[in-house]
Amino acid sequence: MDIELDIACPSCQKKFKEKAKNIRPGNSKVCPHCRKTIKYQGDDVSKIQKSLDDFERSVKNLNKMFTIKL
């Protein structure tokens, strides 16, 4: 599951979309509005993305278990 988040640029305060999997410590993004570089810190979003990926795998496995083949 690949979710997009609204990110507010700390420089110009304008929002843009970014995929959660790209928001990891050490990664950076250039603001599409003011062109300032935003450096991501912390790992909260990557933990959320991992949890969503694990959940998606679990749902797929359940679907396989309960799918009746004719």
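Residues numbered from 1 in each chain as written. Predicted model: local features only at pLDDT ≥ 70, side-chain atom pairs only at ≥ 80, totals over all residues. Heavy atoms only, no water.

(A) Molecular detail of unusual backbone geometry. Notably, Gln13 is not glycine yet its phi reads approximately 70°, a positive angle. Summarising the element assignment, Gln13 is placed in the loop between strand 1 (4-8) and strand 2 (15-19). Despite not being glycine, Arg35 shows a phi value in the positive range, around 70°. Residue placement: Arg35 occurs in the loop between strand 3 (28-30) and strand 4 (37-39). Looking at Arg35, the relative accessible area reads 59%, which means it is exposed. (Helix = DSSP H or I, 4+ residues; strand = E, 2+ residues; numbered from the N terminus. Buried < 20%, exposed > 50% of the residue type's maximum accessible area, 1.4 Å probe, protein only.)

(B) Up close: the environment of Lys50. By the secondary structure assignment, Lys50 is in helix 1 (residues 44-66). Spatially, the C-alpha atoms of Lys50 and Arg35 are 29 Å apart, while their sequence positions differ by 15 residues.

(C) Structural detail: a nonpolar patch on the surface. A cluster of nonpolar side chains, contributed by Leu62, Met65 and Phe66, occupies part of the molecular surface with about 370 Å² of accessible area. Looking at the secondary structure, you find Leu62 in helix 1. (Patch = residues over 30% accessible without salt bridge, like charges linked within 9 Å, V, L, I, M, F, W, Y side chains within 5 Å. Areas by Shrake-Rupley, 256 points an atom, 1.4 Å probe, with all protein chains shown as cover. Salt bridge = Lys/Arg side-chain N within 4 Å of Asp/Glu carboxyl O.)

(D) Quick look at the side chain of Glu18. Within the secondary structure layout, Glu18 lies in strand 2. Among buried Asp, Glu, Lys and Arg side chains, Glu18 stands out as unpaired, with Lys29 the closest opposite charge at 4.2 Å. Within the structure, the side chain of Glu18 is placed 3.4 Å from the side chain of Asn22, a separation counted as a polar contact. Within polar-contact distance, the side chain of Glu18 engages the side chain of Tyr40 at 3.2 Å. (Lys, Arg positive; Asp, Glu negative; His and termini not counted. Polar contact = N/O pair within 3.5 Å; in protein donor to acceptor, adjacent residues only side chain to side chain.)

(E) Representation of the nonpolar core within the structure. Formed by Ile7, Cys9, Phe16, Ile23, Cys31, Ile38 and Tyr40, the largest nonpolar core amounts to seven residues. Look past the residues within four positions of Tyr40 in its chain and what remains in contact with it is Phe16, Glu18, Asn22, Ile23, Arg24, Pro25, Gly26, Asn27, Ser28 and Lys29. (Core = buried A, V, L, I, M, F, W, Y, C linked by side-chain atoms within 4.5 Å. Contact = heavy atoms within 4.5 Å.)

(F) Region of the structure containing the pairing of strand 1. One ladder, built from five bridges, connects strand 1 with strand 2; its direction is antiparallel. In the sheet register, Leu5 faces strand 2, and the bridge partner there is Glu18. Hairpin connection from strand 1 to strand 2: six residues lie between these consecutive antiparallel strands, with Gln13 at a positive phi of about 70°. (Pairing = 2+ DSSP bridges.)

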